[in-house]
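Chain by chain, the residues:
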Amino acid sequence: MVTDYIPRIVDDILEMKLRSKGAVWIRGPKWCGKSTTAERFAKTVIRMQDEGTRKQNMALAEMSPSDFLKGDVPLLIDEWQVIPFIWNQIRLEVDLRDEFGQFILTGSNQPDDDDDDRHSGTGRIATLTMRPMSLYESGESSGRISLNGMFAGEAEPCRCDRSLRDYAFYTCRGGWPKSVRQDEDVALEQSYDYLEGLINSDMSVDGVERDPDRVRLLLRSYSRNCSTQANYSTIKKDMIENDTASLDEDTIASYIKALKRLYVVDESMAWSPNLRSKYVIRKSNTRYMVDPSLACASLNVGPDGLISDLRLFGLLFENLCIRDLRIYADRIKGSVKHFRDSSGLEVDAIVTLRNGDWAAIEVKLGSEKLMEEGAANLLRLKDSLPPESKGPSFMMILTATGTAYRREDGIWVVPLGCFGP
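This text gives an overview of the structure that appears in the document. The residue numbering used here restarts from 1 in each chain and proceeds along that chain's sequence as written. Side-chain atom pairs in this predicted model are given and counted only at pLDDT of 80 or more, local residue features only at pLDDT of at least 70, and totals for whole chains, interfaces and linings cover all residues. To obtain the side-chain values, all non-hydrogen atoms of the structure were included, while hydrogens and water were left out.

Quick look at the overall build of the protein
At step 1: Secondary structure elements are taken from DSSP: a helix is a run of H or I of four residues or more, a strand is a run of E of two residues or more, and numbering for both begins at the N terminus. Tallying secondary structure elements over the protein gives 15 helices and 14 strands in all.
At step 2: Against the compact-globule benchmark of 22 Å for 421 residues, the protein has a radius of gyration of 22 Å, which places it among compact chains.
At step 3: When its C-alpha atoms are laid out on the principal axes, the protein stretches across 65 × 50 × 45 Å.
At step 4: A separation threshold of at least 6 residues defines the contact pool for the protein, and within that pool the share at least 24 residues apart is 71%.
At step 5: The Shrake-Rupley method, run with a 1.4 Å probe, gives the accessible areas here. Residue values count only the displayed protein chains as cover. Total accessible area on the protein stands at roughly 18,800 Å², and carbon and sulfur atoms take up 45% of it.
At step 6: Each charge class in the protein was averaged separately, 55 positive and 65 negative side chains, and the resulting centres sit 4 Å apart. The size measure is the radius of gyration over C-alpha atoms, and the globule rule it meets is 2.2 Å times the number of residues to the 0.38 power. Two residues qualify as a contact provided that any one of their heavy atoms is within 4.5 Å of a heavy atom in the partner residue. Just so you know, the count uses Lys and Arg for positive and Asp and Glu for negative, and it drops His and the chain ends. By convention, charge coordinates are those of NZ in Lys, CZ in Arg, CG in Asp, or CD in Glu.

So, the sheet that holds strand β3 (residues 75-78)
At step 1: For two strands to be treated as a pair, DSSP must find at least two bridges joining them. Pairing within the open sheet is parallel, and its 5 strands lie in the order β2-β3-β4-β1-β5. The open sheet has two free edges, formed respectively by β2 (44-47) and β5 (125-129), since each of these has just one partner strand. Between one strand axis and the next, the sheet turns through 20 degrees on average, direction left out of account.
At step 2: Sheet analysis places β2 next to β3, joined by 4 bridges and oriented parallel. The residue of β3 that forms the bridge with Val 45 is Leu 76.
At step 3: Axis definition: a line fitted to C-alpha atoms, over the contacting stretch in the case of helices. Angles run 0 to 180 degrees between N-to-C directions. Its contacts with the sheet place helix α1 (residues 10-20) against β1 (23-27), β4 (103-107) and β5, and it is angled at close to 175 degrees to β5.

Notes on the pattern of salt bridges
At step 1: A carboxyl oxygen of Asp or Glu within 4 Å of a side-chain nitrogen of Lys or Arg is what we treat as a salt bridge. All chains considered together, the criterion is met by 27 salt bridges.
At step 2: Residue Asp 202 is joined to Lys 30 by a salt bridge in which the shortest nitrogen-to-oxygen separation is 3.0 Å. Within this pair, whereas Asp 202 is found in the loop between α8 (184-200) and α9 (212-224), its partner Lys 30 is found in the loop between β1 and α2 (34-41), the two being separated by 172 residues in sequence.
At step 3: We classify Asp 202 as buried; its relative accessible area is 19%.
At step 4: The partner of Glu 372 in a salt bridge is Arg 407, with the nearest N and O atoms 3.1 Å apart. One end of the pair, Glu 372, is in helix α15 (residues 368-383); the other, Arg 407, is in the loop between β12 (403-406) and β13 (412-415), and 35 residues separate them in sequence.
At step 5: Exposure classes here rest on a 1.4 Å probe applied to the protein chains alone. A residue is buried below 20% of its type maximum, exposed above 50%, and partly exposed in between. The class for Glu 372 is partly exposed, based on a relative accessible area of 37%.
At step 6: Linked by salt bridges that have partners in common, Arg 131, Asp 266, Arg 326 and Asp 330 make up one network.

Describing the nonpolar core
At step 1: Side-chain atoms within 4.5 Å link the members of a nonpolar core, which is a set of buried Ala, Val, Leu, Ile, Met, Phe, Trp, Tyr and Cys residues. Ranked by size, the top nonpolar core spans 80 residues in total, and within it Leu 147 and Phe 317 carry the most contacts.
At step 2: Considering every element that reaches this core, the biggest residue donor is helix α14 (residues 310-331), with 11 residues.
At step 3: Contact partners of Leu 147, with chain neighbours within four places excluded, come to Leu 325, Tyr 328, Ala 329, Ile 332, Val 351, Phe 394, Phe 419, Gly 420 and Pro 421.
At step 4: Listed in part, the 19 residues of the second largest apolar core include Phe 68, Leu 69, Leu 75 and Ile 77.

A look at a negative patch on the surface
At step 1: On the surface, Asp 183, Asp 185, Glu 189 and Asp 193 cluster together to form a negatively charged patch.
At step 2: Within the element layout of this structure, Asp 183 appears in the loop between α7 (164-173) and α8. Residues enter patches when their relative accessible area tops 30% and they take part in no salt bridge; the joining distance is 9 Å for like charges and 5 Å for the nonpolar side chains Val, Leu, Ile, Met, Phe, Trp and Tyr.

Structural notes on unusual backbone geometry
At step 1: Cis geometry is adopted by the peptide bond preceding Pro 74, which originates at Val 73 and carries an omega value of 0 degrees.
At step 2: Relative to the elements of secondary structure, Pro 74 occurs in the loop between α4 (65-68) and β3.
At step 3: Phi angles above zero are rare outside glycine, and Trp 31 is one such case at about 70 degrees.
At step 4: Overall, Trp 31 belongs to the partly exposed group, its relative accessible area being 41%.
At step 5: A positive phi angle is found at Ser 227, which is not glycine, with a value near 70 degrees.
At step 6: Classification of Ser 227 as buried rests on a relative accessible area of 6%.

So, in structure tokens, the structure goes:
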């Protein structure tokens, strides 16, 4: 029985998926709360990382997978990728039982995409991505202005009492459940512990042994390039300029692929609207960590260090905002992408819904100059749409300022500390 549980936005999503599919795979980084959330719904729990029962469970799964899957449902297999072959049996059991809500799978790394024996789970196994906690979930955002409400045209000006130092702390602490509601020193230590485990143990996820020092160098460079579309060549150059050592581009690509399999990096794809503009839309992904605290730990920077380097703070604050925005968008079946064209026009986040509605969002720490730049980008994007196109439901600048209000040009300025689902 899970006690002292902090409710998660993903709870309602998981409940709905269990009512509409035979199995649900919850995927996401370690420590984000997947197992804790899943156990609240499960009636039978199999923990594949429990050394006391691991060998017996693996033997039973291999000898008699149908017996392995017996138990009161939903049956949870925690870290199912330890026995990836069970996927096909789950798929079969879902067909044979012909009932929803049979299984929950959790996993902290992506199984090998090249596994030719693993069948598609389409129509049988739904996937659900879980991330670290948003500020709304950790109780540090009031949520008085909601993403869902903005799409419905429902928002009222309000004040937010979060300071710049608060946002610097949230960025460095991250949304790891074990870090919230702790004193500052304990909270900040969690991301460092995560990082050391990642560097020294987890990066062999694809069976390739990687040198911890080289992993550390790559993570430092990736962190310096968060919230940009830096390519492998740029990352290589950055490593040489800042750390006097580098990796070749193929190795960089291999390391980043491994980080994606571990759900440590969470990149944003490009949005491709129909524009009147003659400029070419850039397709490169924007590079983000799944949680900005990992970038802070990689760079060994704390809250006060961020405040003394506002350029870096701006990049990592954007990462913080995109993390929360993705969590909130999932609740309304939305997706978050970015926009950039060859003229240099860039918008940090485009939220799209299934019904075709969309919104454009810029992220700025809060200086007047940066706010005006963000507003100009949003208006340029809107003006580049052909007359017959569906315009944005709203335009917003997410900030670290103290007041949420609507500008004369219709753009909302919203502090992250009062933004929610």
